[in-house]
Amino acid sequence: MMLKKTDTRPTVLLTGFGPFPGVPANASAEVVRRVVRRARRTFPELRFVAAVLPTEWRRAPRLVAALHERYRPVLALHFGVASETRSIRLETQAENVCRASPDAAGMLPTEASLCPDGPAKRHVTLDISALAEALEAGGWPCSISNDAGGYLCNAVLYKSLASADGRCAVGFVHIPADLSGPPLGREETVAAALTIIEVALGKADTTAAPSA
Ligand code: PCA
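For the structure given in this document, a descriptive report is provided here. (Residues numbered from 1 in each chain as written. Predicted model: local features only at pLDDT ≥ 70, side-chain atom pairs only at ≥ 80, totals over all residues. Heavy atoms only, no water.)

If you look at the biggest cluster of nonpolar residues, it comprises 63 residues, and the most contacted ones within it are Leu14, Phe48, Ile88 and Leu90. Once residues lying within four places of it in the same chain are set aside, the contact partners of Leu90 are Ile128, Leu131, Ala132, Leu135, Cys142, Ser143, Ile144, Ser145, Phe172, Val173 and Ile196. (Core = buried A, V, L, I, M, F, W, Y, C linked by side-chain atoms within 4.5 Å. Buried < 20%, exposed > 50% of the residue type's maximum accessible area, 1.4 Å probe, protein only. Contact = heavy atoms within 4.5 Å.)

Here it is as structure tokens:
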């Protein structure tokens with residue numbers, strides 16, 4: 001029997017979302033698939049795991065917790081669309097609330113909060129200013145938001161931060177629902193996402209350093 005070699009590289013978890021009411025094709029799923037392909041070539045020293053989360057109250061937070069449990073990533077970066085944004089929107093926090101909006105399965109959240117005993121807010125552990133600076137330097141429109149929206153993106157960020165419990169860097173990026181551009185087409189969004197990964201991992205400094 002062939003023994004499977006264990007992959008000991010640090011893991012980066014990337015997620016997008018599937019469709020939900022009003023968004024029959026979710027651009028974040030395709031962006032994440034493309035980002036993962038590019039990231040595997042750009043950072044061969046890291047293992048990239050990608051998942052497209054169902055936009056469902058019952059399933060998405062549970063799946064995120066399971067992904068943390070299984071892969072113990074060093075970085076978890078989540079992507080979702082926001083129809084009202086025209087920029088790369090970096091979220092700074094998640095709130096312990098559920099907006100009463102139906103999900104992709106037609107279900108409403110069963111509670112008003114995500115976790116009855118949890119803190120009111122959980123804060124993103126990435127250096128948001130550094131990310132915004134890098135995006136601006138790359139010429140990509142970017143914004144910083146302290147309101148992840150109360151729907152599934154907020155829920156996934158909250159759950160991811162809870163699951164990481166400070167052991168792993170966690171971030172959430174909202175992208176425009178329509179990536180037919182300008183200002184942001186799909187390619188620009190993929191390139192911006194790779195920059196976010198690079199900065200989040202502290203790779204910007206590493207690659208800029210002269211090789212020994
Ligand atoms: N956007 C939604 C959920 C899935 C997605 O892509 C949100 O902003 O909550």
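Additional details are given in the paragraphs that follow.
Before going further, it helps to spend a moment on unusual backbone geometry. Following Gly181, the chain continues into Pro182 via a peptide bond in cis, with omega recorded as -20°. Residue Pro183 is bonded to the preceding Pro182 through a cis peptide linkage, with omega at 10°. Looking at where Pro183 falls in the secondary structure, it is placed in the loop between strand 8 (169-176) and helix 5 (186-200). You will see that Arg72, though not glycine, has its phi angle at about 45°, which is positive. Among the residues examined, Arg72 registers a relative accessible area of 48% and is labelled partly exposed. (Helix = DSSP H or I, 4+ residues; strand = E, 2+ residues; numbered from the N terminus.)

Lining the immediate surroundings of the ligand are Phe17, Phe20, Asn26, Thr55, Gly80, Val81, Tyr151, Leu152, Cys153 and His174. One of the backbone nitrogen or oxygen atoms of Leu152 is found 3.4 Å away from an oxygen atom of the ligand. One of the side-chain N or O atoms of His174 is found 2.9 Å from an oxygen atom in the ligand. For the ligand, whose accessible area on its own is 260 Å², the fraction buried by protein is 94%. Of the residues in the shell around the ligand, the class split is six nonpolar, four polar and no charged. (Near = heavy atom within 4 Å. Polar contact = N/O pair within 3.5 Å; in protein donor to acceptor, adjacent residues only side chain to side chain. Areas by Shrake-Rupley, 256 points an atom, 1.4 Å probe, with all protein chains shown as cover. Nonpolar A, V, L, I, M, F, W, Y, C, P; charged D, E, K, R; others polar.)

Before going further, it helps to examine the sheet that holds strand 7 (residues 142-145). The strand order 2-1-3-8-4-7 describes an open sheet built from six strands, whose pairing is mixed. Across the chains shown, the open sheet's two edge strands, defined by having one partner strand only, are strand 2 (47-53) and strand 7. Within this sheet the neighbouring strands show an average axis-to-axis angle of 25°, counted without direction. Sheet analysis places strand 1 (residues 11-17) next to strand 3 (residues 75-82), joined by four bridges and oriented parallel. Paired with Val12 across the two strands is Leu75, which belongs to strand 3. Helix 3 (residues 128-138) rests against strand 4 (88-91) and strand 7 of the sheet, and its axis sits at about 170° to strand 4. Taken strand by strand, helix 5 contacts strand 1, strand 2, strand 3, strand 4 and strand 8, and its axis lies near 150° from that of strand 3. (Pairing = 2+ DSSP bridges. Axes fitted to C-alpha atoms, helices over the stretch in contact; angles between N-to-C directions.)

The subject of this paragraph is helix 4 (residues 152-164). Compared with the 18 Å implied by 1.5 Å per residue over 13 residues, the 18 Å span of helix 4 between its first and last C-alpha is a close match. Burial analysis of helix 4 places eleven of its 13 residues in the buried class, the great majority of the element. If you check which residues of helix 4 are buried, you get Leu152, Cys153, Asn154, Ala155, Val156, Leu157, Tyr158, Ser160, Leu161, Ser163 and Ala164. One or two positions beyond helix 4, positive phi appears at Asp165, with a value near 50°. (Expected span 1.5 Å × (residues − 1).)

Packing of helix 1 (residues 27-42) against helix 5 leaves a shortest axis separation of 9 Å and a crossing angle of 55°. The orientation of helix 1 relative to helix 5 falls into the category oblique. Here the hand of the crossing between helix 1 and helix 5 comes out right-handed. Residues Glu30, Val31, Arg34, Val35, Arg38 and Ala39 of helix 1 pack against Arg186, Glu187, Thr189, Val190, Ala191, Ala193, Leu194 and Ile197 of helix 5. Residue classes in the contact of helix 1 with helix 5 are distributed as eight nonpolar, one polar and five charged. (Parallel < 35°, antiparallel > 145°, perpendicular 65-115°, else oblique. Left-handed = near helix turned anticlockwise from the far one by under 90°.)

A word on the packing of aromatic side chains. Within a pair of aromatic rings, the relevant descriptors are the distance that separates the centres and the angle that separates the planes. One pass over the structure, following the stated rule, counts three aromatic pairs. Taken together, Phe20, Trp57 and Tyr151 form an aromatic cluster joined through their ring pairs. Positioned above the aromatic ring of Tyr158 is the side chain of Arg122, whose terminal nitrogen or guanidinium carbon lies 4.9 Å from the ring centre. (Phe/Tyr/Trp six-rings, centres within 6.5 Å; stacked < 30°, edge-to-face > 60°. Lys NZ or Arg CZ within 6 Å of the ring centre and 35° of its normal.)

Turning to the environment of Ala82, a few remarks are in order. Take Ala82: it is sitting in strand 3. The buried category is assigned to Ala82, whose relative accessible area is 4%. Put simply, Ala82 and His174 are 92 residues apart on the chain and 5.9 Å apart in space, counted from C-alpha to C-alpha. Excluding residues that lie within four positions of it along the chain, Ala82 makes contacts with Arg89, His174, Ile175, Pro176 and Ala177.

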